[in-house]
Amino acid sequence: MSEEQDLEEGGRPRKKGVDRIEAPARALVLVPDLRQRAGRDEAAAATQRDLEARLEEAFGLAQAIDLDVRATLPVPVSQPKPATLFGAGKVEEIGETVEAEEIDLVIVDHALTPIQQRNLEKAWKTKVIDRTGLILEIFGERARTREGRLQVELAHLKYQKSRLVRSWTHLERQRGGFGFLGGPGETQIEADRRQLQEKITRIEADLEQVKRTRDLHRRQRRKVPHPVVALVGYTNAGKSTLFNRLTEAEVFAKDLLFATLDPTLRRIKLPHGTDAILSDTVGFISNLPTHLVAAFRATLEEVIEASIILHVRDISHKDTEAQASDVAEVLKQLGLDPEDRDRIIEVWNKIDLVDEARRDVLLAQAATESPGGQERRVVSAVTGEGLPELLAAIEARLLGSRPVHELTLDPSDGAGLAWLYDHGEVLERHEGEDGTMHLTVRVADKSMTAFHQRYGERIQSPLAEN
């Protein structure tokens, strides 16, 4: 956008994003309830979102940018209208609420076309943004690193470009800045389109450099091979809390939608001494804009390249199945198979928040194989319950392809036995009549040199594991 658009009348710099409205902005949140169509199949019905949960999530999204939410209202929509989404009667009824409550901003928890957005703004005489615009506003506030800001700005610009194409005529004034709540700007829409595209091209080039840098770091890590374990999951599923618990880090973690945006990597040590890299990144959400997934692809490549993916689920949430389905859709967009039983472990988090009866049911379900064949682990990132078993499961996956060795130790070699337990995995142990210990072991790659130096000829050739 041109520099003139970032100035208010009188030459004062205009604030960007939500801050353009004097805080706290009075907001009305609308959640369209598109009634189930006849013939909906059972699979779709199983992941149909609970309306109350949708209302809570929409309220949480609005709160994430410190809006003064006056009401969160469900709006039945039997047949979406191309011009306004809602029927004429509902538009008029909502308009009365907007006027009575002196609403500064209406948030529609659904995708709006540019025409729908413009018509609703005219009808209600206030600013309107849709779910995509709100998510982008949140991301804009949360991005801290240069990479994160670039990714958010790219998504902002692509979204704005779609708004310019059909929302305003050539002689009408369009919005200024990178946010969606700003006042009028300049009238040169063609110039704005060109400048938007030029800036998009520059940012894409910068992100390509980010990708090359990440690739370089990834190649360096491969020289001292540490497998990557990536956390994915719906926003607020407890990924950052789990990350902190496993790594003893202090990543920002809060009961807040999109509390974490920028990616974080830390080293963790598995039970038998194997090192791994744990990766935490942005949470997913339903109806996550495709161009936002594309913008964050450089970050999400840590997930694509990961040896193991931990799909963290808030198992206490009433919409946990629908949330899991949304995460699966994003994984598909990244080119991953959400039912990959070799790479994905489902982590059922927040077990401490369910009642005893539900807890027993979940434990029984986790003990059986999932329909997709993925392993499931029940944990609480807050209390630490189930985390030793989760780490053991991760280690078993990482070490499972490594060769297995047999060796014999003298009964007096307690130090040698302790070393094996510290640096490897003792799969079997038998004692002969004379006390000699016969062991079947698997050792981490980084410890193989020391293993051969320490035990030498006592090591038998690698065995084929059943």
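The rules behind the values
Residues numbered from 1 in each chain as written. Predicted model: local features only at pLDDT ≥ 70, side-chain atom pairs only at ≥ 80, totals over all residues. Heavy atoms only, no water. Helix = DSSP H or I, 4+ residues; strand = E, 2+ residues; numbered from the N terminus. Buried < 20%, exposed > 50% of the residue type's maximum accessible area, 1.4 Å probe, protein only. Contact = heavy atoms within 4.5 Å. Areas by Shrake-Rupley, 256 points an atom, 1.4 Å probe, with all protein chains shown as cover. Pairing = 2+ DSSP bridges. Axes fitted to C-alpha atoms, helices over the stretch in contact; angles between N-to-C directions.

1. Section: the overall build of the protein
For step 1, the next point in the chain: The helix and strand tally for the protein stands at 15 helices and 13 strands.
For step 2, the next point in the chain: The proportion of buried residues among the 466 residues of the protein is 51%.
For step 3, the next point in the chain: Sequence separation of at least 24 residues holds for 70% of the intrachain contacts in the protein that already meet a minimum separation of 6.
For step 4, the next point in the chain: When the accessible surface of the protein is summed, it comes to about 22500 Å², and 48% of that surface belongs to carbon and sulfur atoms.

2. Details of the sheet that holds strand 10 (residues 375-378)
For step 1, the next point in the chain: The strand order across the open sheet formed by 6 strands is 6-7-5-8-9-10, and the pairing between neighbours is mixed. Of all the strands in the sheet, just strand 6 (264-269) and strand 10 have a single pairing partner and so form its edges. Taking each pair of neighbouring strands and ignoring which way they run, the sheet shows an average axis angle of 25 degrees.
For step 2, the next point in the chain: Note that strand 9 (residues 344-349) and strand 10 share 4 bridges and pair parallel. By the bridge assignment, Val347 is partnered in strand 10 with Arg377.

3. Considering the sheet that holds strand 11 (residues 405-409)
For step 1, the next point in the chain: Read from one edge of the open sheet, 3 strands run 11-13-12, paired in antiparallel fashion. At either end of the open sheet lies a strand with only one pairing partner, and these are strand 11 and strand 12 (424-431). For this sheet, the mean inter-axis angle between neighbouring strands, taken without regard to orientation, is 25 degrees.
For step 2, the next point in the chain: With 5 bridges joining them, strand 11 and strand 13 (residues 437-443) adopt antiparallel strand pairing. Across the sheet, residue Thr408 finds its bridge partner in strand 13, namely His438.
For step 3, the next point in the chain: Strand contacts of helix 14 (residues 414-423): strand 11, strand 12 and strand 13, with the helix running at about 140 degrees to strand 12, the strand carrying the most contacts.
For step 4, the next point in the chain: Seen against the sheet, helix 15 (residues 448-455) touches strand 11 and strand 13 and runs at an angle of roughly 40 degrees to strand 11.

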